[in-house]
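Structural overview for review
Below, each chain spelled out in residue letters.
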Amino acid sequence: MEKLLEVLKEVKPGVDFENATNLLSGKVIDSIDMTTILTELEDAFDIEIDMEYITPEYFDSAQKMWEMIQELMD
Amino acid sequence: MTFIDFEFGIFLLLGVLLFYLCPVKHRWKILLLISLVFYAIAGVKYLPFIFVTSLSVWLGGRKMGQRLDRLEQELLRDNPDRKEKKARKEAAKKDCKKVMLGILVLNLAVLCVVKFTKFFIGPINHLLAVMGGSESFTAADIIVPLGISYYTFSALSYLLDVYWKRVSYEKNYFRFLLYLIYFPHILQGPIEHYGMLGQELKKELRFDYDRVCKGMQLMLYGYFKKLVIADRINTFITTAYGAYDSTAGSILLLAMFLDVVYIYADFSGCMDIARGVSQIFGVQIALNFDHPFSSRSITEFWRRWHMTMGGWFREYVYTPLSTSELVKNINKATRNKMPAQISRSLTTIIPVFVTWVLTGLWHGTGKTYVAWGLYYSVMIFLSVCFGEMLHDLTVRCHVKTETESYHLFQMIRTTCIFAGGRLLTRPGSLSLSWAILKRTIFHFSPTALFGKALFLQGLGKKELLVAAVCILIFGAVSIVQQRMSVRDLIARQNLPVRWGIYIASVVAVVILGVYGAGYDASAFVYMAY
């Protein structure tokens, strides 16, 4: 989880990733941030994030992203 | 038959009676029957098209769904290691991708042939003549099925959602057919998601007096927008643009802004009628407008205007493109190596331009719609890339961005951008748009707005006064709607006030609606798409 937060904070400094729960649906991260986050997460965790995961269900909070990463690493 | 035809009233009345006389569990079948009849009245020749789309997409969805279900069962049964699991998932994904791509291409090909053939009639006829054929085609020979752009997009959203495992596949073909052909949304949308409308149509559709009343009220307001406002001011715009070379620029400018009101009243009016009709049957369909002219930017505007189409392109074109390997590689290659603003611009340029040119082509073919797509590509691109920079600049200049006056400025700016887009498509050709723009700038003559010329644009003094009052009512209702439900507000009033409003509204539509001897109400603009 710490590694994920590190990646997120580097992409979009100033966002409270620990507590935010509407990152995508609340447009806290825009489409360009999303592209960067995907690129960084895929490199950092050696995973491939398909279109089926690119929804608020998986990207609205760091916790949800972390659960997705674990599912993809499984 | 459209929503503004007298026959539609009779059709709806009979349909509602049949629907509520039928037992609840069979009501969806009646809806399917009514929708098929509605579609067949528009043209039996259109039916094969919608059957091809519905059958191919339903079969494809079923095949993919069954393959994914089988994979799940195998993984549960065998509990393979990570490597094996990944390999099996990839194999299933590959199988599904083949099915999805095949059906996607088939349906997009049908849509493109139907929409674009008329632009190739000349070369086709020439080719036939060269080959010795004696027959030739005209535009009238081409069958353009009713609502093809809308139902094809609704069908493809289902196909892609099943492929991306966002919805479960539908096992019953007739349920899926109803989702596509459901008559309130077949003419002009909204473009639906199976996860929403498909589930909505599976509910127990029971009679609810309040809901039926509210549906009728919404229909009435839709007719008011369409027949009293849109069709009335359309005359002014058509007359002004038709004789643009002898019309003052100030009047052309007024026509440009009236055109914005016209398209909004026409399209949102149709959506109100569609949603109202659907509410009578107990089915909630997607919202397509959310006070777009209160938007602070053009990107926000497109999240509030024709929301289901914008959402479709965002979800199924823009997002896949912006997360594609190509764009991710561009992002990777430029981030931290170039200034952030340039990296952001390069990351977004391909998805924005492709999405907006395709959106333009969805609306229509020809140069005007390509120009329209490029126009919005540039506007959205500038807004996405430089929006933050502009915000920083306003803060540095000590401009208060949260004040009402600044919001008003942003709303006017957004409206002007939209009016510019309309000017590209409404006159019919780019040269005409350019000529109108030149005339507006170089022969402005502001005094014409206060003289006789104003009343020579197809609407006399009284007609213009009616239009102005009705537009003000439309604007006032929009402002109130942002704070509360107008229908709930009316429902809370005492009986004489409530019924006074209802009767006045009906009388307004009947008396002020643009009819007249032999008058044929204009078709809804977005039906052409």
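Residues numbered from 1 in each chain as written. Chains lettered and ligands numbered in written order. Predicted model: local features only at pLDDT ≥ 70, side-chain atom pairs only at ≥ 80, totals over all residues. Heavy atoms only, no water.

Turning our eyes to something else, we now look at the overall build of chain A. Across its full length, chain A carries four helices and zero strands. Reading the helices (α) and strands (β) of chain A from amino to carboxyl end gives α-α-α-α. At 11 Å, chain A has a C-alpha radius of gyration in line with the 11 Å of a compact globule built from 74 residues. If you line up chain A on its principal axes, its C-alpha atoms span 30 × 25 × 20 Å. The burial tally for chain A puts 51% of its 74 residues in the buried class. Long-range contacts, defined as pairs at least 24 residues apart, comprise 52% of the intrachain contacts of chain A with a sequence gap of at least 6. Summed over its atoms, the accessible surface of chain A is roughly 3500 Å², and 44% of this surface lies on carbon and sulfur atoms. Here chain A contributes 5 positively and 19 negatively charged side chains, and the mean placements of these two sets differ by 8 Å. (Helix = DSSP H or I, 4+ residues; strand = E, 2+ residues; numbered from the N terminus. Rg over C-alpha atoms; globule rule 2.2 N^0.38 Å. Buried < 20%, exposed > 50% of the residue type's maximum accessible area, 1.4 Å probe, protein only. Contact = heavy atoms within 4.5 Å. Areas by Shrake-Rupley, 256 points an atom, 1.4 Å probe, with all protein chains shown as cover. Lys, Arg positive; Asp, Glu negative; His and termini not counted. Charge placed at Lys NZ, Arg CZ, Asp CG, Glu CD.)

What follows concerns the overall build of chain B. Regarding its fold elements, chain B presents 21 helices and zero strands. At 26 Å, chain B has a C-alpha radius of gyration in line with the 24 Å of a compact globule built from 529 residues. Reported as C-alpha extents along the three principal axes, the dimensions of chain B are approximately 85 × 70 × 65 Å. Across the 529 residues in chain B, those meeting the buried criterion constitute 49%. Considering only contacts within chain B whose residues lie at least 6 apart along the sequence, 76% involve residues at least 24 apart.

This part covers helix H2 (residues 27-42) of chain B. Residue and element names in this part refer to chain B. Under the 1.5 Å per step criterion, the end-to-end length of H2 is 23 Å for 16 residues, consistent within 8% with the ideal 22 Å. Residues Arg27, Trp28, Ile30, Leu31, Leu32, Ile34, Ser35, Phe38 and Tyr39 constitute the buried set of H2. In the segment just after H2, Gly43 is the residue with positive phi, at about 160°. (Expected span 1.5 Å × (residues − 1).)

Residues and elements named next belong to chain B. Domain annotation for chain B reports domain 1 (6-206), domain 2 (210-285 + 438-528) and domain 3 (297-426). Taken over C-alpha atoms, the centre of domain 1 sits 30 Å from the centre of domain 3. Contacts between the two partners involve 16 residues from domain 1, matched on the other side by twelve residues from domain 3. Of the roughly 1300 Å² buried where domain 1 meets domain 3, counting both sides, 67% is carbon and sulfur surface. As a salt-bridge pair, Arg166 and Glu315 come within 3.4 Å of each other at their nearest N and O atoms. Viewed at the interface, domain 3 and domain 1 are joined by seven residue pairs in polar contact (both at pLDDT 80 or more). Counting only elements with at least two residues in the side of domain 1 that touches domain 3, the list comes to helix H4 (82-116) and helix H6 (148-163). Residues of the side of domain 1 that touches domain 3, tallied by class, amount to nine nonpolar, three polar and four charged. (Domains from an automatic or database assignment. Buried area = accessible area lost by both parts, 1.4 Å probe. Salt bridge = Lys/Arg side-chain N within 4 Å of Asp/Glu carboxyl O. Polar contact = N/O pair within 3.5 Å; in protein donor to acceptor, adjacent residues only side chain to side chain. Nonpolar A, V, L, I, M, F, W, Y, C, P; charged D, E, K, R; others polar.)

This paragraph deals with the nonpolar core. If you look at the biggest cluster of nonpolar residues, it comprises 165 residues, and the most contacted ones within it are A:Leu41, A:Ile49, A:Phe59, B:Phe281 and B:Trp302. Top element by residues in this core is helix H11 (residues 249-280) of chain B. It accounts for 18 residues. Apart from the residues within four sequence positions on either side, B:Phe281 is in contact with B:Leu12, B:Gly15, B:Val16, B:Phe19, B:Tyr20, B:Leu31, B:Ile34, B:Tyr182, B:Phe183, B:Leu205 and B:Arg211. (Core = buried A, V, L, I, M, F, W, Y, C linked by side-chain atoms within 4.5 Å.)

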